[in-house]
Amino acid sequence: MKKAIIGRKVGMTQIFTEEGKVIPVTVIEAGPCTVIQKKVVEKDGYNALQLGFEDVPERKLNKPEIGHLRKAGEDLKRHLKEFKFDGELAELNVGDVLTADVFEEGDFVDVTGISKGKGYAGVVKRWGHGVQEHTHGVGPVHRSVGSTGANSDPARVFPGMEMPGHLGVEQVTIQNLDIVKVDPELNIIAVRGAIPGPRGGIVYVKSTVKTHRVKQVNNTTTINPQKLSGRNR
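K.L.:
Tell me about the layout of surface pockets, and please be specific about residues and values.
P.N.:
Roughly 340 Å³ of internal volume is contained in the largest pocket. In this structure, the largest pocket is lined by 13 residues; those nearest its centre are Lys2, Phe108, Ser207, Thr208 and Lys210. Secondary structure elements with two or more residues in the lining of the largest pocket: strand E7 (108-114) and strand E12 (202-207). Its residues assigned to classes, the lining of the largest pocket comprises 4 nonpolar, 4 polar and 5 charged.

This is the structure in structure tokens:
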């Protein structure tokens, strides 16, 4: 992974381009994040950095947590997350600080967060099941789950059956979002589109795992006028 940071979702807004186009973006308060721990191949088997985000008072932590965080400095952090790094960021050491300028406009990122909680939901809202017709004779079961398919054998419901239950509050990752704007002074980045979680929720922004290939353009390609005229008929 080339780049990563911990942030907080601020909310959504719009950005206007020079051509007058509107881009819906999500504003993320990215960092500053302190390197709390560094792991290397020789000792731990892999290269990674543990980042800390958002100051927290000492009374909110226990002694083992305080001892672990004190190794990176006097500032204690509330949220910790480990990222595997390579390249330039792998040269960082404990106590170094990452800010929003680690990303640039045009970078593609994956954003991970906890989705909004929607409480107890039925199968229609939770899984997208269909409903019965609202006509005479159906009874008050228009949105019920119906039969779960268990007979005398096996006489049980298999695990993983789509049933009513708690909807939301799950880890969700939105991939391949491009960064529209970076403000190093305010530690803010604007990402195109929506990301999971409510306003104020913690999110993890990292370089996308998607592969972006540059399309090869053949300048010698010509257009057949006859085919072009045939299309317009």
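After that view of the structure, there is still more to cover.
K.L.:
How would you summarise the sheet that holds E7 if you had to cite specific residues and measurements?
P.N.:
Here we have 6 strands rolled up into a closed barrel, ordered E1-E2-E11-E10-E7-E12, and antiparallel in their pairing. Neighbour-to-neighbour, the strand axes of the sheet open up by a mean angle of 50°, direction not taken into account.

K.L.:
Break down the confidence of the model for the protein chain for me, with residues and values.
P.N.:
Taken as a whole, the protein chain shows an average pLDDT of 88; of its residues, 91% reach a score of 70 or greater. Confidence drops under pLDDT 50 across residues 220-233; counting only partners more than four residues distant or on other chains, this segment forms 1 contact.

K.L.:
Tell me about unusual backbone geometry, and name the residues and values.
P.N.:
In this structure, Pro32 follows Gly31 across a cis peptide bond, with omega equal to 0°. By the element assignment, Pro32 lies in the loop between strand E2 (22-30) and strand E3 (33-39). For Glu54, which is not a glycine, the phi torsion comes out positive at approximately 75°. Mapped onto the elements, Glu54 comes out in strand E4 (residues 48-55).

K.L.:
Hey, could you go over the pairing of E7 for me, with residue numbers and the actual values?
P.N.:
Counting buried residues along E7, 5 of its 7 residues qualify, which places the element largely inside the surrounding structure. Pairing geometry for E7 and E12, over 5 bridges, is antiparallel. Opposite Thr112, over in E12, you have Tyr204 as the bridge partner.

K.L.:
Please provide a residue-by-residue account of the pattern of salt bridges, values included.
P.N.:
When their charged atoms lie close together, side chains carrying opposite charge are able to pair. Enumeration over the complete set of coordinates arrives at 8 salt bridges. The residue Lys39 makes a salt bridge to Glu82 at a minimum N-O spacing of 3.0 Å. Of the two residues, Lys39 is situated in strand E3 and Glu82 in strand E5 (residues 77-84); the sequence distance between them amounts to 43 residues. Note on Glu82: relative accessible area 32%, which makes it partly exposed.

K.L.:
Explain the packing of aromatic side chains residue by residue, including any values.
P.N.:
Taken as a whole, this structure holds 2 aromatic pairs when the rule is applied. Measuring from centroid to centroid gives 6.3 Å for Phe83 and Tyr204, while their planes differ by 70°, and the two rings are edge-to-face. Here Phe83 is found in strand E5, whereas its partner Tyr204 is found in strand E12, with 121 residues between them in sequence. Judged by its relative accessible area of 3%, Phe83 falls in the buried class.

K.L.:
So, the environment of Glu105: which residues are in play, and what are the values?
P.N.:
Looking at the secondary structure, you find Glu105 in the loop between strand E6 (97-98) and E7. Excluding its chain neighbours within four sequence positions, the residues that come into contact with Glu105 are Ile179, Val180, Lys181 and Val182.

K.L.:
I'd like a description of the nonpolar core, backed by residues and values.
P.N.:
The biggest cluster of nonpolar side chains holds 29 residues, and the ones touching the most others in it are Leu51, Val109, Ile189 and Val205. Within the residue set of this core, elements represented by two or more residues are strand E1 (4-16), E2, E3, E4, E7, strand E10 (171-183), strand E11 (188-192) and E12. Sequence-distant contacts of Ile189, defined by excluding residues within four places in its chain, comprise Thr26, Val27, Ile28, Ala30, Ala100, Lys181, Val182 and Val205. In this structure, Val56, Leu69, Ala72 and Leu76 belong to the second largest nonpolar core, which totals 7 residues.

K.L.:
Please provide a residue-by-residue account of a positive patch on the surface, values included.
P.N.:
A contiguous patch of positive charge on the surface is contributed by Lys116, Lys118, Lys125 and Arg199. By secondary structure assignment, the location of Lys116 is in the loop between E7 and strand E8 (120-121).

K.L.:
I'd like to hear about a nonpolar patch on the surface, residue by residue, with values.
P.N.:
There is a patch of nonpolar side chains on the surface, built from Val157, Phe158 and Met161 and spanning about 250 Å² of accessible area. Relative to the helices and strands, Phe158 resides in the loop between helix H3 (123-127) and strand E9 (165-166). On the basis of relative accessibility, which here comes to 45%, the residue Phe158 falls in the partly exposed class.

Basis of the calculations
Residues numbered from 1 in each chain as written. Predicted model: local features only at pLDDT ≥ 70, side-chain atom pairs only at ≥ 80, totals over all residues. Heavy atoms only, no water. 1 Å grid on protein atoms, 1.4 Å probe; cavity = no way out; pocket = protein on both sides within 12 Å on 5 of 7 lines; lining within 4 Å. Points joined across faces, edges and corners; volume = space filled by probe spheres on them. Helix = DSSP H or I, 4+ residues; strand = E, 2+ residues; numbered from the N terminus. Nonpolar A, V, L, I, M, F, W, Y, C, P; charged D, E, K, R; others polar. Pairing = 2+ DSSP bridges. Axes fitted to C-alpha atoms, helices over the stretch in contact; angles between N-to-C directions. pLDDT = per-residue confidence, 0-100. Contact = heavy atoms within 4.5 Å. Buried < 20%, exposed > 50% of the residue type's maximum accessible area, 1.4 Å probe, protein only. Salt bridge = Lys/Arg side-chain N within 4 Å of Asp/Glu carboxyl O. Phe/Tyr/Trp six-rings, centres within 6.5 Å; stacked < 30°, edge-to-face > 60°. Core = buried A, V, L, I, M, F, W, Y, C linked by side-chain atoms within 4.5 Å. Patch = residues over 30% accessible without salt bridge, like charges linked within 9 Å, V, L, I, M, F, W, Y side chains within 5 Å. Areas by Shrake-Rupley, 256 points an atom, 1.4 Å probe, with all protein chains shown as cover. Lys, Arg positive; Asp, Glu negative; His and termini not counted. Charge placed at Lys NZ, Arg CZ, Asp CG, Glu CD.

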